[in-house]
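Analysis of the macromolecular model
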Amino acid sequence: LQDVVIRSKTGRAADVVLLGPPATSAAPQPAAIVARGTTRLTIRDLTIQSTPGYAIVLGDGVQQPRLSGLRIVDNGQFVQSVRHANGGGASGGLV
């Protein structure tokens, strides 16, 4: 996928709130957003709240992610860039 955008229509992070999934025995630290195989992923102008694990996981194949205008509230951790199969992580991004 290319040029995927997740954002609020108003440009205000308080107007869109993603509540993270609860922890379970199968997923003790779930993430609110998990992306894989995406070039130029943009996540902006929203709130991610109450996720036991990472708010955002940038998985295998994510290139040039753009994260801006985010409110991260009461989460286990902020962002994780997973090591890609080629040994690198997400590259060319902007936070």
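Note that residues are indexed from 1 along each chain, following the sequence as it is written. The predicted nature of this model means local features are confined to residues of pLDDT at least 70 and side-chain atom pairs, given and counted, to a pLDDT of 80 or more, with totals for whole chains, interfaces and linings taken over all residues. Heavy atoms from the whole structure form the basis of all side-chain values; hydrogens and water molecules are not counted.

Moving on: the overall build of the protein. Broken down by element type, the protein carries 0 helices and 9 strands. A radius of gyration in this sense is built from C-alpha atoms; the matching globule rule multiplies 2.2 Å by the number of residues raised to 0.38. Taking 12 Å as the expected radius of gyration for a compact globule of 95 residues, we find that the protein reaches 13 Å, a close match to that expectation. Summarising its shape, the C-alpha atoms of the protein cover approximately 35 × 35 × 20 Å along the three principal directions. By the burial criterion, 28% of the 95 residues in the protein qualify as buried. Restricting the contact set of the protein to residue pairs at least 6 apart, pairs at least 24 apart contribute 62%. For the area figures, the Shrake-Rupley method with a 1.4 Å probe applies, and any residue is considered shielded solely by the protein chains shown. Put simply, the protein shows about 5,500 Å² of open surface, and 50% of that area lies on carbon and sulfur atoms. One finds the centroid of the 9 positive side-chain charges in the protein at a distance of 4 Å from the centroid of its 5 negative side-chain charges. Helix and strand definitions here come from DSSP, where helices need a minimum of 4 consecutive H or I residues and strands a minimum of 2 consecutive E residues; each element is numbered from the N-terminal end. The rule is simple: take the accessible area with a 1.4 Å probe, protein chains only, and divide by the maximum for that residue type; under 20% is buried, over 50% is exposed, in between is partly exposed. We call two residues in contact whenever any of their non-hydrogen atoms come within 4.5 Å of each other. Positive: Lys, Arg. Negative: Asp, Glu. His and the chain ends are not part of the count. The location of each charge is read from NZ of Lys, CZ of Arg, CG of Asp or CD of Glu.

For the rest of this paragraph, the subject is the side chain of Asn75. Tracing the backbone through its elements, the reader meets Asn75 in the loop between β8 (71-73) and β9 (77-81). Judged by relative accessible area, which is 17%, Asn75 ranks as buried. The definition of a polar contact used here is a pair of N or O atoms within 3.5 Å, where within protein one atom must be able to donate a hydrogen and the other to accept one, and adjacent residues in sequence count solely through side-chain atom pairs. Within the local environment of Asn75, its side chain forms a polar contact with the backbone oxygen of Ile48, the two atoms lying 2.9 Å apart. Polar contacts involving the side chain of Asn75 include one to the main-chain amide nitrogen of Thr51, which spans 2.8 Å. If we ignore the near neighbours within four places in the chain, the residues touching Asn75 are Ile48, Gln49, Ser50, Thr51, Gly53 and Ala55.

A large share of strand β6 (residues 54-58) lies buried, amounting to 4 of its 5 residues. By the convention used here, strands pair only if DSSP detects at least 2 bridges between them. Of the strand pairs in this sheet, strand β3 (residues 33-35) and β6 are connected by 3 bridges, and their pairing is parallel. When the bridges of β6 are listed, Ile33 appears paired with Ile56. Where β6 lies against β9, 4 bridges are found, and the strand directions are parallel. Paired with Val57 across the bridge in β9 is Gln80.

Spatially, the 3 strands line up as an open sheet ordered β3-β6-β9, and their pairing is parallel. A strand with exactly one partner marks an edge of an open sheet, and here the two such strands are β3 and β9. Sheet twist, expressed as the mean angle between neighbouring strand axes with direction ignored, is 10°. For helices, the fitted line uses only the C-alpha atoms of the stretch in contact; every axis is such a line through C-alpha atoms, and the angle between N-to-C directions lies from 0 to 180 degrees.

By themselves, these figures tell us nothing about what the structure is for.
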